[in-house]
Amino acid sequence: MKKITILVPCYNEEKSLPMLHERLAAMMDGMPQYEWEVLLVNDGSRDATMEVARSLRAADDRVCYIDLSRNFGKERAMLAGFDYATGDCMVIMDADLQHPPEVIPEMIKNWEEGWEDVYARRNTRGKESWLRRKLTMSYYRLLQSTTRTDVLQNVGDFRLIDRKCIDAIKQMRECERYTKGLFSWIGFRKKEITFDQQDRVAGKSSFGMFKLASLAIQGITSFTTAPLRLATVMGFVVSIVALLYMVYVFVKTLIYGDPVAGYPTLIIVILFMGGVQLISLGIIGEYLARIFNESKDRPVYIVRDKEGV
Ligand code: UDP
Ligand code: MG
C-alpha cells in the first residue's frame, strides 16, 4: 500500500488545526486505498497549538507531530518535515485551510499518472491591495529575468511531491532557505493544477510586509548573483560618464579659464557617487551576510519532541 504524507507547518494555529483535521479526515477516509500520515510541524507556537496536536494524535493515530524548540520560520519547519516524512509522496499545505484539502485527490491522481511534482496555482490572489499585487508582479519579473531557475508566480507551497523530490530537497541544507525556488531548481516532471485560494479560517497571517520583503530578498540572494553584476555595471557606467565629464571640464578650463563656479554640479556628483557606492556596498553586504550565516554550518532547526515519526 502506498503511503502519503501530509506536511503541515504550524505557527499559532490552535484554532485552525481542529478544522483542518476534520476536513483532512473526511478526505483521507474517502481514499482508504492509501496509508496516510499527517505530519504537523509545530514551529515554536506561542499558543496551545502543541496541546491541540497532542490531542489530535490521541484521537487519530494517522496524525504525528514534531515540536521544534523555537520559531524557526516556515521554510525551516518544512525542511524538518521533509526529514521526518516517511511517505512515498508528500503533500505540503498550510494549516489555515487557505489550501483546500479537497484538491488533494486530484494531485494524487496526477502523481499516479507519473508526475513527480504536482503544484497548485492560485486562480485568485484573494483580498490584496493594488500596490502589493503590482509589487509582487514586478518582483517575479525581476527574479525570472535574472535567474535560469523558473520561479513561478501565484504558486505557493501547496503541492504534491514524489519521494525522489523529497530526497533531493533534503540534500540542500542551507539555512537561508527559499523552498519555492528549490522546488524549481531540482527539476523533475512538473504538472500544474489550479485551485481557488480560500480565506484564512482563524488566526492571522504571520507574513506581514516586512517578513515578505525579507523573503523576497532571500529569494534573490539565494538564486541569483545578478545584483553583484549590476553593481559592477553601475560602477563602469558611472566611471565612463565621470571620465567624459572630466575631459569636458578640462577642455573648458583651457579655453575659458577657471572662474571658480560649479558648486551645484560638484555637490550633485558627490551625492550621486556616494549613493552608488552605498548601494553597491549594501548589495555586497547582503551576499556576505549569507556567506557568514551559511559558513557557521549550524543545524537548520532543533527538535524538542516528536511523536509517531
Ligand atoms: N508558519 C510557520 N512558521 C512561521 C510562520 C508561518 O510554520 O514562522 C506556517 C503557518 O502556520 C501556516 C503557513 O506557514 O500553516 C503559512 O503561514 P500564513 O498563513 O501565516 O501565511 P500566508 O498564508 O498569509 O502567506
Ligand atoms: Mg495563510
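Structure: see above.
As the structure is a computational prediction, the values presented were derived from the model and not from experiment.

Draft legend 1. Highlighting the site of ligand 1. Around ligand 1 sit 17 residues, and of these Glu-13, Asp-43, Asp-96, Gln-98 and Ser-205 come closest. The side chain of Asn-71 places a nitrogen or oxygen atom 3.1 Å from an oxygen atom of ligand 1. One of the side-chain nitrogen or oxygen atoms of Gln-98 is found 2.6 Å away from an oxygen atom of ligand 1. With the chains in place, 89% of the 530 Å² that ligand 1 exposes on its own is no longer accessible. Residues that form the shell around ligand 1 fall into these classes: 5 nonpolar, 5 polar and 7 charged.

Draft legend 2. Seen up close, the layout of surface pockets. Its boundaries defined by the atoms lining it, the second largest pocket holds a volume of some 350 Å³. Lining of the second largest pocket is provided by 14 residues; of these, Tyr-245, Val-249, Lys-252, Ala-261 and Gly-262 occupy positions nearest its centre. Among the elements of the structure, α9 (226-256) and α10 (263-295) are those that each provide at least two residues to the lining of the second largest pocket. Considering every element that reaches the lining of the second largest pocket, the biggest residue donor is α9, with 5 residues. Partitioned by chemical class, the residues of the lining of the second largest pocket number 8 nonpolar, 4 polar and 2 charged.

Draft legend 3. View of the sheet that holds strand β8 (residues 303-307). A sheet is described by the order of its strands in space; here 8 strands give the open sequence β7-β5-β6-β4-β1-β2-β3-β8, paired in mixed fashion. The open sheet is flanked by β7 (190-195) and β8, the only strands paired with a single partner. Ignoring strand direction, the axes of neighbouring strands in this sheet form an average angle of 20 degrees. With 6 bridges connecting them, strand β5 (residues 117-122) and β7 associate as parallel partners. Following the sheet pairing, Arg-121 is matched in β7 by Thr-194. Along the sheet face, helix α1 (residues 16-29) touches β1 (3-10), β2 (35-42) and β3 (63-68) and points at about 165 degrees away from the line of β2. Against the sheet, helix α2 (residues 49-59) contacts β1, β2, β3 and β8, and its axis sits at roughly 155 degrees relative to β3.

Draft legend 4. Main features of helix α5 (residues 130-146). Spanning 17 residues, α5 covers 25 Å between terminal C-alpha atoms, matching the ideal 24 Å at 1.5 Å per step. Here the buried face of α5 lies against α7 (179-186) and α8 (209-223).

Draft legend 5. Broad picture of the side chain of Asp-96. For Asp-96, the position within the fold is in the loop between β4 (89-92) and α4 (104-112). On the basis of relative accessibility, which here comes to 3%, the residue Asp-96 falls in the buried class. One polar contact links Asp-96 to Arg-200, side chain to side chain, over a distance of 3.3 Å. Beyond its immediate sequence surroundings of up to four residues, Asp-96 is in contact with Glu-13, Ser-16, Asp-199, Arg-200 and Val-201.

How each quantity is defined
Residues numbered from 1 in each chain as written. Chains lettered and ligands numbered in written order. Predicted model: local features only at pLDDT ≥ 70, side-chain atom pairs only at ≥ 80, totals over all residues. Heavy atoms only, no water. Near = heavy atom within 4 Å. Polar contact = N/O pair within 3.5 Å; in protein donor to acceptor, adjacent residues only side chain to side chain. Areas by Shrake-Rupley, 256 points an atom, 1.4 Å probe, with all protein chains shown as cover. Nonpolar A, V, L, I, M, F, W, Y, C, P; charged D, E, K, R; others polar. 1 Å grid on protein atoms, 1.4 Å probe; cavity = no way out; pocket = protein on both sides within 12 Å on 5 of 7 lines; lining within 4 Å. Points joined across faces, edges and corners; volume = space filled by probe spheres on them. Helix = DSSP H or I, 4+ residues; strand = E, 2+ residues; numbered from the N terminus. Pairing = 2+ DSSP bridges. Axes fitted to C-alpha atoms, helices over the stretch in contact; angles between N-to-C directions. Contact = heavy atoms within 4.5 Å. Expected span 1.5 Å × (residues − 1). Buried < 20%, exposed > 50% of the residue type's maximum accessible area, 1.4 Å probe, protein only.

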